[in-house]
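Chain by chain, the residues:
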Amino acid sequence: MQLIGRNMSPFVRRTSIALKLLGLDYEQVELPTAEDTDKIAKINPVIRVPSMVLDGGETLLDSNAIIDHLLEVGDPEHRLLPASGADRRTVLRLAGIGHGIMEKAVSSAYERGRRPKEFIYDGWVKQVEGQVESGLAALNEAASNSDFLHGDHLTLADVNAVVAHDFVCTAEPYLMKNDPYPALSALAKRCGEQASFADTMFKPG
Ligand SMILES: N[C@@H](CCC(=O)N[C@@H](CS)C(=O)NCC(=O)O)C(=O)O
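Please read all numbers here as calculations on a predicted model, not as lab measurements. (Residues numbered from 1 in each chain as written. Predicted model: local features only at pLDDT ≥ 70, side-chain atom pairs only at ≥ 80, totals over all residues. Heavy atoms only, no water.)

J.: Which parts of the structure should I look at to understand the packing of helix α4 (residues 85-114) against helix α6 (residues 156-171)?
T.: How two helices sit against one another is set out by the angle between their axes and by the gap between those axes. As a packed pair, α4 and α6 sit with axes 8 Å apart at the nearest point and diverge in direction by 20 degrees. In terms of their interaxial angle, α4 and α6 are classed as roughly parallel. The handedness of the crossing between α4 and α6 is left-handed. Along the contact surface, α4 presents Val91, Leu94, Ala95, Gly98, His99, Ile101, Met102, Ala105, Val106 and Arg112, while α6 presents Leu156, Ala157, Asn160, Val163, Ala164, Phe167, Val168 and Ala171. The residue inventory of the contact of α4 with α6, partitioned by class, reads 14 nonpolar, three polar and one charged. (Axes fitted to C-alpha atoms, helices over the stretch in contact; angles between N-to-C directions. Helix = DSSP H or I, 4+ residues; strand = E, 2+ residues; numbered from the N terminus. Parallel < 35°, antiparallel > 145°, perpendicular 65-115°, else oblique. Left-handed = near helix turned anticlockwise from the far one by under 90°. Contact = heavy atoms within 4.5 Å. Nonpolar A, V, L, I, M, F, W, Y, C, P; charged D, E, K, R; others polar.)

Here it is as structure tokens:
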């Protein structure tokens, strides 16, 4: 299967990490959304990444749909996402906070990076960055009591939290000055020692 997109997108990176953690074979096609619009449009009419092309040609769009499929085919023991009940709901809630931080941090980066300077709306940047900070504080609290956000091993909640943390460090470094989320950065450091996280670190450009 082919994963379309670059790991500088947090949504692509979390998908790459899931693929690696599950030991699934894939090829990554690193198309930038701002430049390779025609190529991406043939796979995803909304021109977004990540997108995935399965071996039979079927396409999956959005990291949530892609990871849902990866878990179905590659995680029969439900290690990354518990099968049911309160454990599943907790992992999904924490993973949702991480995913929400990614969305808000990307919104801020687009507002600051893609608009002509005179059209940047500072009030909007402040609002979405407040949402990023609130999410990071919640994940920091969840990371304070044990090695993992939930349970005794790494789950999708940890993957999303670390990817969100690392993305904000790169895209909004001023929000991370003086290590305001020490338990979360410690989790990111521990995970960063694993190949699936280290090998997918953002490549600028
Ligand atoms: N909800 C989507 C978000 C995907 C997303 O926003 N991707 C960005 C890259 S970080 C993108 O494709 N941006 C181009 C655009 O939206 O025009 C997911 O989880 O996959």
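After that view of the structure, there is still more to cover.
J.: Hey, could you run me through the site of the ligand in this one?
T.: In the vicinity of the ligand, the residues found are Ser9, Phe11, Thr33, Ile47, Arg48, Val49, Pro50, Asp62, Ser63, His99 and Tyr110. Here Asp62 contributes a side-chain N or O atom positioned 3.0 Å from a nitrogen atom of the ligand. Between Ser63 and the ligand, the recorded distance is 2.6 Å, taken from a side-chain N or O atom to an oxygen atom. Broken down by class, the residue content of the shell around the ligand amounts to five nonpolar, four polar and two charged. (Near = heavy atom within 4 Å. Polar contact = N/O pair within 3.5 Å; in protein donor to acceptor, adjacent residues only side chain to side chain.)

J.: It is not clear to me how the sheet that holds strand β1 (residues 2-4) should be interpreted in this structure. Could you clarify?
T.: Where strands meet in a sheet, backbone hydrogen bonds hold them as pairs that are either parallel or antiparallel. Here four strands make up an open sheet; going across it, the order is β2-β1-β3-β4 and the pairing mixed. Looking at the sheet topology across the chains shown, the edges are occupied by β2 (27-29) and β4 (59-61). For this sheet the average axis-to-axis angle between neighbouring strands, irrespective of direction, equals 20 degrees. For β1 and β2, the ladder comprises three bridges, and the chain directions are parallel. Bridge pairing links Leu3 to Gln28 in β2. Relative to the sheet, helix α1 (residues 10-21) contacts β1, β2 and β3 (51-53), its axis offset from that of β1 by approximately 160 degrees. (Pairing = 2+ DSSP bridges.)

J.: In this structure, what is going on with the environment of Leu184? I would like to understand it.
T.: Mapping Leu184 onto the fold places it in helix α7 (residues 182-192). Judged by relative accessible area, Leu184 falls into the buried class, the value being 0%. Here the alpha-carbon distance between Leu184 and Gly123, two residues 61 residues apart in the chain, equals 27 Å. Among residues more than four places away in sequence, those in contact with Leu184 are Leu136, Leu139, Asn140, Ala143, Ala161 and His165. (Buried < 20%, exposed > 50% of the residue type's maximum accessible area, 1.4 Å probe, protein only.)

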